[in-house]
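Letter by letter, the chains look like this.
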Amino acid sequence: MKLGRLLADELARIFWQKGTYVGYGALVVLVSLMTLAIWRFGSPFHERLEAGSDFLIAGKLISGVTVARLLMEPALLVLVPLLVAAISGGVFAAEMQRGTMRVLLCRPVRRWQVATAKYLAGWTHAISLTLFLGLSGLLIGWAVFGRGELIAFRGGLTILTEQMALLRLGQAYLVAALGMCAVASVALLCSQLVHSPLTATAATVAFLLIGGVLAAMPYFEWLSPYLLSTHLEVFSQLFSSQVEIAPLRWPLACMGLYVVVPFTIGQIVFRYQDITC
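Residues numbered from 1 in each chain as written. Predicted model: local features only at pLDDT ≥ 70, side-chain atom pairs only at ≥ 80, totals over all residues. Heavy atoms only, no water.

*Asks:* Where do I start with the state of the cysteines in this structure?
*Replies:* One way to say it: the disulfide is the covalent bond shared by the sulfur atoms of two cysteines. Scanning all chains against the criterion turns up zero disulfides. Here Cys181 stays free of any disulfide, with the sulfur of Cys254 as its closest cysteine sulfur at 15 Å. The buried category is assigned to Cys181, whose relative accessible area is 8%. Residue Cys254 is classed as buried on the basis of its relative accessible area, which comes to 3%. (Disulfide = S-S within 2.5 Å. Buried < 20%, exposed > 50% of the residue type's maximum accessible area, 1.4 Å probe, protein only.)

*Asks:* Any chance you could explain the nonpolar core here in plain terms?
*Replies:* Within soluble globular proteins, side chains that are nonpolar generally end up buried alongside one another. Within the largest apolar cluster, 73 residues are counted, with the highest numbers of intra-cluster contacts made by Val80 and Leu133. The dominant element in this core, judged by the number of residues it contributes, is helix H9 (residues 162–194), at 15 residues. Residues in contact with Val80, not counting those within four places in the same chain, are Leu27, Ala75, Leu129, Thr130, Leu133 and Met180. (Core = buried A, V, L, I, M, F, W, Y, C linked by side-chain atoms within 4.5 Å. Helix = DSSP H or I, 4+ residues; strand = E, 2+ residues; numbered from the N terminus. Contact = heavy atoms within 4.5 Å.)

*Asks:* I'm lost on unusual backbone geometry in this one. Help?
*Replies:* What is expected of a backbone is that most residues other than glycine have negative phi and most peptide bonds are trans. Here the phi dihedral of His195 falls at roughly 60 degrees; this positive angle occurs in a residue that is not glycine. Within the element layout of this structure, His195 appears in the loop between H9 and helix H10 (197–216).

*Asks:* Please explain the environment of Ile275 as it appears in this structure.
*Replies:* Secondary-structure assignment places Ile275 in the segment after helix H12 (246–272). Along the primary structure Ile275 and Gln242 are separated by 33 residues, whereas in three dimensions their C-alpha atoms are 52 Å apart. Setting aside chain neighbours within four positions, we find Ile275 in contact with Met96, Met101, Arg102, Leu105, Arg111 and Phe270.

*Asks:* Would you take a moment to explain the side chain of Ser191 for this structure?
*Replies:* Here Ser191 shows up in helix H9. Judged by relative accessible area, which is 0%, Ser191 ranks as buried. Apart from the residues lying within four places of it in its own chain, the contact partners of Ser191 are Ser88, Gly89, Gly90, Val91, Phe92, Ala93 and Ala200.

*Asks:* Could you clarify how one ought to interpret helix H5 (residues 72–88) in this entry?
*Replies:* Helical geometry note: an α-helix holds 3.6 residues per turn, so side chains three or four residues apart project in the same direction. Roughly 35 degrees is the biggest bend found in H5, and it falls at Leu79, with proline Pro81 one to four residues downstream. Listing the buried residues of H5 in full gives Met72, Ala75, Leu76, Val80, Pro81, Leu83, Val84, Ala85, Ile87 and Ser88. (Bend = angle between axes of the 7 residues up to and from the residue.)

*Asks:* Even after reading the chapter, I still don't get the pattern of salt bridges, so can you show me in this structure?
*Replies:* Pairing is possible between side chains that carry opposite charge, provided their charged atoms lie close to one another. All told, the structure shown has six salt bridges when counted by the stated rule. For Lys118, the salt bridge is made with Glu10, and the minimal N-O distance between the two is 2.9 Å. Note that Lys118 is positioned in helix H8 (residues 111–145) and Glu10 in helix H1 (residues 3–15), a separation of 108 residues in sequence. Comparing Lys118 with Glu10 shows no difference in burial state: the two are buried. (Salt bridge = Lys/Arg side-chain N within 4 Å of Asp/Glu carboxyl O.)

*Asks:* Just to check I follow, could you spell out the packing of H1 against H8 for this structure?
*Replies:* The relative placement of two packed helices comes down to the angle between their axes together with the axis-to-axis distance. Two numbers describe how H1 lies on H8: the axes approach to 8 Å, and their chain directions differ by 45 degrees. By the angle between their directions, the pair H1 and H8 is classed as oblique. The two elements H1 and H8 meet at a crossing, and its hand is right-handed. Of the residues in H8, those touching H1 at Leu3, Leu6, Leu7, Glu10, Leu11, Ile14 and Phe15 are Gln113, Val114, Thr116, Ala117, Lys118, Leu120, Ala121, Gly122, Thr124, His125 and Ser128. Class assignment for the residues of the contact of H1 with H8 results in ten nonpolar, six polar and two charged. (Axes fitted to C-alpha atoms, helices over the stretch in contact; angles between N-to-C directions. Parallel < 35°, antiparallel > 145°, perpendicular 65-115°, else oblique. Left-handed = near helix turned anticlockwise from the far one by under 90°. Nonpolar A, V, L, I, M, F, W, Y, C, P; charged D, E, K, R; others polar.)

As structure tokens, this is what we get:
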């Protein structure tokens, strides 16, 4: 069997599950609530601008790109990793529990192809969730607030034209998608090792939480650059007035390693794993 056919089958399994669309629905609810809160109470930018009395900015402070930007931290650091872990954690383990993995391997397929298809499907789901968040934020934001510039605060006040803001948002969401693929890889490896979707999801969440706790403790400052949790927020650096490439290299490389290393270990494990169920 060709890898493409296996990948199509894996994607069908993921996207035919009703639980998969709970995640997309949750993101729409989050975007709607965020938009409603901004419409009702105003953007957090208002307080920062009002705090500085030496200058005045006239015009629209809130636009569709503002909504897509404000969504990133709460969604991409908390909700989306949970949704990715929930789906990817069941890719291997659910088939182990149902007993369908052994049936699959009885077909004329190579184990590396099966494992690769499952990892590609998990990454595809992670990327789709991330891009869906950005697109829904833009569309709902445009529908409510219309088009306009993006006002960002990172090391000072930055005002980006809508064209530049869309470019930066696209880059930021692609970087965030790489981080979500890293989360998916960890969840997929856990799914191979524990054979329980719930346990694999819990292990992935625990991995992220422990990384966040260690990064916050002064005793483990030396470990912080190597933790996935440390780099999930690197997309925020793309909203500075001048984006420097050098500080982005290691975070991107580290997230890339968290994608590749679990995949490589997973291939080795699956190659020699005794599938009895």
